[in-house]
Amino acid sequence: MVKLTIDGIEVEVPRGTTVIEAARKVGINIPSLCYLKGVSHTSSCRVCVVEVGPRLIASCTLPCENGMEVKTNTQKVREARKTVVELLLSNHKRECTSCNRSENCELQTLSKELNIRDIRFEGERLNYEIDNSSPSLVRDQEKCVLCGRCINTCKNVQTVGAIDFSRRGFNTRVSTALDRDIAETVCVNCGQCIMACPVGALTEKENIKDVWKALADPDKFVVVQTAPAVRVALGEEFGMPIGTRVTGKMAAALRRLGFDKVFDTDFAADLTIMEEGTELLSRLEKGENLPLMTSCCPGWVKFVEHFYPELIDNLSTCKSPHEMEGALIKHYLAEKLGVDKKNVVVVSIMPCVAKKFEGQREELSNENLQDVDYVLTTRELAQMIKEAGIDFTKLPDEEFDNPLGESTGAAVIFGATGGVMEAALRTVYDLLSGQDLESIDYVQVRGTTGIKEAELTLPNGKTIRAAVAHGLANARELMELVKSGEKHYDFIEVMACPGGCVTGGGQPIVDSRTQACIDVKAERAKAIYDEDKDMPIRKSHKNPYIIRLYEEFLEKPNSHKAHELLHTHYVK
Ligand code: HC0
Ligand code: SF4
Ligand code: SF4
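Definitions and cut-offs
Throughout, a residue's number is its position along its own chain's written sequence, starting from 1. Chains carry letters from A onward and ligands carry numbers from 1 onward, assigned in written order. Residues qualify for local features only when their pLDDT is at least 70, as the model is predicted, and side-chain atom pairs are given and counted only at 80 or more; totals for whole chains, interfaces and linings, by contrast, use all residues. To obtain the side-chain values, all non-hydrogen atoms of the structure were included, while hydrogens and water were left out. In these notes, residues near a molecule or strand are those with any non-hydrogen atom within 4 Å of it. Each polar contact in these results corresponds to two N or O atoms within 3.5 Å; when the atoms are within protein, one needs to be able to donate a hydrogen and the other to accept it, and residues that are neighboring in sequence are counted only if both atoms are side-chain atoms. Think of it this way: any DSSP run of H or I at least four residues long counts as a helix, any run of E at least two long counts as a strand, and we number them from the N terminus. Contact criterion: two residues are considered in contact whenever any of their non-hydrogen atoms come within 4.5 Å of each other. At least two bridges found by DSSP between two strands is the condition for calling them paired. Helix axes are fitted only over the stretch in contact, all axes being lines through C-alpha atoms; the angle between N-to-C directions runs from 0 to 180 degrees. Each residue's exposure class comes from its accessible area (1.4 Å probe, protein chains only) as a fraction of the maximum for that residue type: buried when under 20%, exposed when over 50%, partly exposed otherwise. Any residue outside Ala, Val, Leu, Ile, Met, Phe, Trp, Tyr, Cys, Pro, Asp, Glu, Lys and Arg is labelled polar, Gly included; the first ten of those are nonpolar and the last four are charged. When the centres of two rings from Phe, Tyr and Trp lie within 6.5 Å, Trp using its six-membered ring, the rings pair. Their planes under 30 degrees apart give stacked, over 60 give edge-to-face, and anything left gives tilted. Expected span, for any helix, means 1.5 Å times one less than how many residues it has. As used throughout, domain bounds are those supplied by an automatic or database domain assignment. The quantity reported as buried area is the accessible area (1.4 Å probe) lost by two parts once they are put together, taken as the sum for both. By definition here, a salt bridge exists when the distance from a side-chain nitrogen of Lys or Arg to a carboxyl oxygen of Asp or Glu is within 4 Å.

Caption draft 1: A look at the site of ligand 1. Close to ligand 1 lie 16 residues; Ala227, Ala229, Cys296, His322 and Cys501 are nearest. Pro321 is positioned such that a nitrogen or oxygen atom in its backbone is 3.4 Å from an oxygen atom of ligand 1. A distance of 3.0 Å is found between an oxygen atom of ligand 1 and a side-chain nitrogen or oxygen belonging to Lys355. Secondary structure elements with two or more residues in the shell around ligand 1: helix H8 (265-286) and helix H10 (321-337).

This is the structure we're talking about:
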């Protein structure tokens, strides 16, 4: 431990604690911009300067030392911070009233907290074109503050390295290799850079207008579905605490927005377990393409295509749940309802921006109709609810529509890392043993350890060796272990985003100050597992609507019909 004083207050902290962290412990919020806990510690912006002796030092990388006397609130400190922020603002495209990040922008917050009323510096401005090339994200360099948070995320957390600093001095910018459009790079569309960006330089590609247009078209039958992770985060956009469950209010809001049917992607998550569980057993029997790797995360699929093309055949042929749900809506439900499938518009509400890219993949269509037409993020849905004047917090709880809205606890846990694996294990064991196992909480695959392992001995004596990774740096490490032969697995789940979809690139953006104090992944995952516990049915194969779907339409898992609609194959 080390002892120091901050603004005259004595603090004792473990060795290695930085001054910015120690200050927080005694109720002092030192402003910062480039600092993002666990991701970015570069002290490049100098907003967090404090006075130690005669010097001004950045506190985000300054380790506490015995006897240190730190001053965070002197005239010199306040002036220095103001100057830094004013310089940033002098070269910033200030569109605060119409910016996507208005009211959730760390630069705007700093400017307000530091009481900046006029900007003393007026100089040359850099002009860049907006990069609109990606189906998932938009880059507006004129709003970039060069904090490097996106670069550190892409390079270190995701090991993708699609973006980096280029040029020097005043001309420094964040760019792609050879200044290509982002869509032409190795970017996997995970959107984690958006979550790291403190301002509006990186945002999702919005599809709100497309969806309003479809809803206003009397010839269109517009159906919506919601991903597992959306229900534990949407409330945050309306001031609710992180990890509040709003499943019923979300269904009510979607109905009020005018969707003709409000379905749940969780239904198709149950279906995925039936299809993927059967695929696993068949691959195990044949000894083919093992380990089987999940393919429901489009960021992960693209990562395999770019970096491990030799492992493409290991990916499950199952389409991701929302794509399965879309295919069923158009090619099963439409007929049942007497609606022309060509007039059906499927909208997916996802915690994800990679799903926007996935929705457009030609592998994910049937009869020249895309399975999913538009993907909106959790943030875009919140925006539409606000635009419609719906008071979200006062909504009653409503149910999803049937039959494609009914699901189990196994489906909702898909939203957290390890969830797909746990759901699969719950079903595979029961199906093989003919039993109804009571202890179904596979806690080895829960939690935020980077790579998790589990073994399940089946009734036939065989053991399934499973591994789970989240965040692409962990996925890369796992792939290297598999490729080198150091580890052998039968079944691997990977989600591109650290924590899984609960902290996907389309979720509400939590500012760096809050992230320093709250483990957002853990809070939202807890809500997911609580939702699972409260469900009357917690195993996918017990979903009565899934049983009926096989009886009346699909026949059996991996049938010809199921393959036609619910499976695909990725090729490089
Ligand atoms: Fe996920 Fe999904 S769980 S990818 O992480 O499998 O986006 O929430 O919707 O499709 O179900 C995201 C979340 C989904 C899909 C499901 C899967
Ligand atoms: Fe990197 Fe993901 Fe951002 Fe693409 S979307 S630039 S892969 S962090
Ligand atoms: Fe999207 Fe989930 Fe994959 Fe992240 S982990 S890219 S949110 S599917």
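Moving on from the model shown.
Caption draft 2: Quick peek at the side chain of Glu86. One can find Glu86 in helix H2 (residues 75-90). Engagement of the side chain of Glu86 in a polar contact is seen with the side chain of Arg120, the distance being 2.8 Å. Once residues within four sequence positions are removed from consideration, Glu86 is found in contact with Ile116, Asp118, Ile119, Arg120 and Phe121.

Caption draft 3: Geometry of the sheet that holds strand E10 (residues 221-226). Pairing in this open sheet of four strands is parallel, and the strands run E11-E10-E13-E16 from one edge to the other. Taken across any chain shown, the strands that pair with only one partner, and hence form the sheet edges, are strand E11 (261-264) and strand E16 (374-377). Strand-to-strand twist of the sheet, defined as the mean angle between neighbouring strand axes without regard to direction, takes the value 25 degrees. Bridge analysis of strand E13 (residues 344-350) against E16 gives four bridges, and the strand direction is parallel.

Caption draft 4: Representation of the pairing of strand E17 (residues 451-457) in the model. What you see with E17 is a clean split: Lys452, Ala454 and Leu456 sit on the buried side and Ile451, Glu453, Glu455 and Thr457 on the side with no burial. Counting the residues between successive antiparallel strands, the hairpin from E17 to strand E18 (residues 463-470) contains five residues, one of them, Gly461, with a positive phi of roughly 90 degrees.

Caption draft 5: Layout of the site of ligand 3. Lining the immediate surroundings of ligand 3 are Cys297, Pro298, Pro351, Cys352, Ala354, Lys355, Met495, Ala496, Cys497, Cys501 and Gly504. Partitioning the shell around ligand 3 into residue classes produces nine nonpolar, one polar and one charged.

Caption draft 6: Representation of the packing of aromatic side chains. For the structure shown, the criterion picks out five aromatic pairs. Residues Phe303 and Phe307 carry aromatic rings whose centres are separated by 4.9 Å and whose planes lie at 45 degrees to one another, so their mutual orientation is tilted. Pair noted here: Phe303 and Phe307 are both in helix H9 (residues 298-307), with a separation of four residues, about one helical turn. Of the residues examined, Phe303 reaches a relative accessible area of 0% and is grouped as buried.

Caption draft 7: Geometry of H2. The end-to-end C-alpha separation of H2 is 22 Å, in line with the 22 Å expected for 16 residues at 1.5 Å each. In this fold, the buried residues of H2 make contact with strand E3 (49-52), strand E4 (55-58), strand E5 (69-71) and helix H3 (106-113).

Caption draft 8: Region of interest: helix H15 (residues 472-483). Taking 1.5 Å of rise per residue, the twelve residues of H15 would be expected to cover 16 Å, and the 16 Å separating its terminal C-alpha atoms lies within 8% of that figure. For H15, every residue scored as buried is listed here: Leu472, Ala475, Leu478, Met479, Leu481 and Val482. Once H15 ends, the next one or two residues include Gly485, with phi positive near 85 degrees.

Caption draft 9: Spotlight on the domain arrangement of the chain. Along its sequence, the chain is organised into domain 1 (2-89), domain 2 (126-204) and domain 3 (209-566). Between domain 2 and domain 3, the contact holds 19 residues from the first and 29 residues from the second. Summed over both partners, the interface of domain 2 with domain 3 buries about 1,900 Å², with 57% contributed by carbon and sulfur atoms. A per-residue breakdown of the area domain 2 buries against domain 3 is headed by Val188, Met195 and Glu204, which together make up 31% of the total. Viewed at the interface, domain 3 and domain 2 are joined by one salt bridge. Note that Glu204 is salt-bridged to Arg379, the shortest N-O span being 3.3 Å. Here domain 2 and domain 3 share ten residue pairs in polar contact (both at pLDDT 80 or more) between them. Contributions of two or more residues to the side of domain 2 that touches domain 3 are made by helix H4 (149-157) and helix H5 (192-196). Along the lines of polarity and charge, the residues of the side of domain 2 that touches domain 3 split into nine nonpolar, eight polar and two charged.

Caption draft 10: Looking closely at the sheet that holds strand E12 (residues 292-293). Taken in spatial order, the four strands make up an open sheet running E12-E19-E18-E17, and their pairing is mixed. Looking at which strands have only one partner, the edges of the open sheet turn out to be E12 and E17. When E18 meets strand E19 (residues 491-495), the two strands line up parallel, connected through five bridges. Along E19, the bridge assignment pairs Ala469 with Val494.

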